[in-house]
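# Commentary on secondary and tertiary structure
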Amino acid sequence: MESFLHMEKDINETASRFVGLKPGSRSEKLNFSEVAIHGLKKSAIEHFLKASKLRPAIFYRYLDITPRALANYRANQALRLYLTDRILDLAKLYAHGLIAFGSTDNFNYWLNSPSVDLNGEKPVDLIHSRHGLEIVDDILGRVEHGIPA
């Protein structure tokens, strides 16, 4: 159980870096529910896209918003809860991928490669819904345990 909690903490800490968040102190744990309620700043989008190297088209498809609609937000304006929550989900997936594959480039390579678990489809093609993200995350868990995916 402690191992799971340690992994969850690592994923949350790594995910927070993907969106440019930093806890106030080493003992302080970021509460993603609170972050979602208050909203990420629009700058978190640029930070995530740069850190993750995820293709913007896939990012916007998952957020279910157009770049033009996001352009209506001011640079320092907080994003709606729905958008913040979705961005945090992607950040957690990328954090898990970074932990499993050792680098964002390796994770992106895996995301864009046909998967045995998906009958030859690419994991990146599932990044359009929360359900799809959960499937990709489950497969990542298997990869971490040495099961080919």
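Structure first, text after, so check above.
Counting of residues starts from 1 at the beginning of each chain's written sequence and follows it residue by residue. Totals for whole chains, interfaces and linings use all residues, but because this is a predicted model, local features are given only for residues with pLDDT of at least 70 and pairs of side-chain atoms are given and counted only at 80 or more. By convention in this description, side-chain values take in all heavy atoms of the structure and omit both hydrogens and water.

### Topic: the packing of helix α6 (residues 81–101) against helix α7 (residues 104–111)
Packing of α6 against α7 brings their axes to within 8 Å, and their N-to-C directions diverge by 105°. Considering their axes alone, α6 and α7 lie roughly perpendicular with respect to each other. Note on element contacts: α7 touches α6 through Thr104, Asn106, Phe107, Asn108, Trp110 and Leu111, opposite Leu93, Tyr94, Gly97, Leu98 and Phe101. Under the convention adopted here, Pro, Cys and the residues Ala, Val, Leu, Ile, Met, Phe, Trp and Tyr are nonpolar, Asp, Glu, Lys and Arg are charged, and Gly plus all remaining residues are polar. Of the residues assigned to the contact of α6 with α7, the class counts are seven nonpolar, four polar and no charged. Lines fitted to C-alpha atoms define the axes here, with helix axes fitted over just the stretch in contact, and angles between the N-to-C directions of these axes take values from 0 to 180 degrees. Every helix listed is a DSSP run of H or I at least four residues long, and every strand listed is a run of E at least two residues long, numbered separately from the N terminus. Our angle categories are set so that under 35 degrees counts as roughly parallel, over 145 as roughly antiparallel, 65 to 115 as roughly perpendicular, and the remainder as oblique. Residue contacts are counted whenever heavy atoms from the two residues lie within 4.5 Å of one another.

### Points about the side chain of Thr84
Within the secondary structure layout, Thr84 lies in helix α6. Three labels apply to residues, based on accessible area from a 1.4 Å probe with only protein chains included: buried if under 20% of the type maximum, exposed if over 50%, partly exposed otherwise in between. For Thr84, a relative accessible area of 0% gives the class buried. Those residues in contact with Thr84 that sit more than four places away from it in its chain are Val35, Ala36, Gly39, Leu40 and Leu79.

### Some details on the packing of aromatic side chains
In this analysis, rings of Phe, Tyr and Trp, with Trp reduced to its six-membered ring, are considered paired at centre separations within 6.5 Å, and the interplanar angle assigns stacked below 30 degrees, edge-to-face beyond 60, and tilted for intermediate values. Applying the stated criterion across every chain, the model contains nine aromatic pairs. Here Phe101 and Phe107 contribute two aromatic rings whose centre-to-centre distance is 6.1 Å and whose plane-to-plane angle is 35°, an arrangement assigned as tilted. For Phe101, a relative accessible area of 21% corresponds to the partly exposed category. Judged by its relative accessible area of 0%, Phe107 is buried. Site record: aromatic cluster; members linked through ring pairs are Phe18, Phe48, Phe59, Tyr60, Tyr94, Phe101, Phe107 and Trp110.

### So, helix α3 (residues 43–52)
Within α3, the full set of buried residues consists of Ala44, Ile45, Phe48, Leu49 and Ser52. The buried residues of α3 all sit within an arc of 130° when viewed along its axis, so they share a single face. Projecting away from the buried face of α3 at angles above 90 degrees are the exposed residues Glu46 and Lys50. A positive phi of about 65° marks Lys53, the residue just after α3. Note that the arc is defined by the directions from the helix axis to the C-beta atoms.

In short, shape yes, function no, at least from these values alone.
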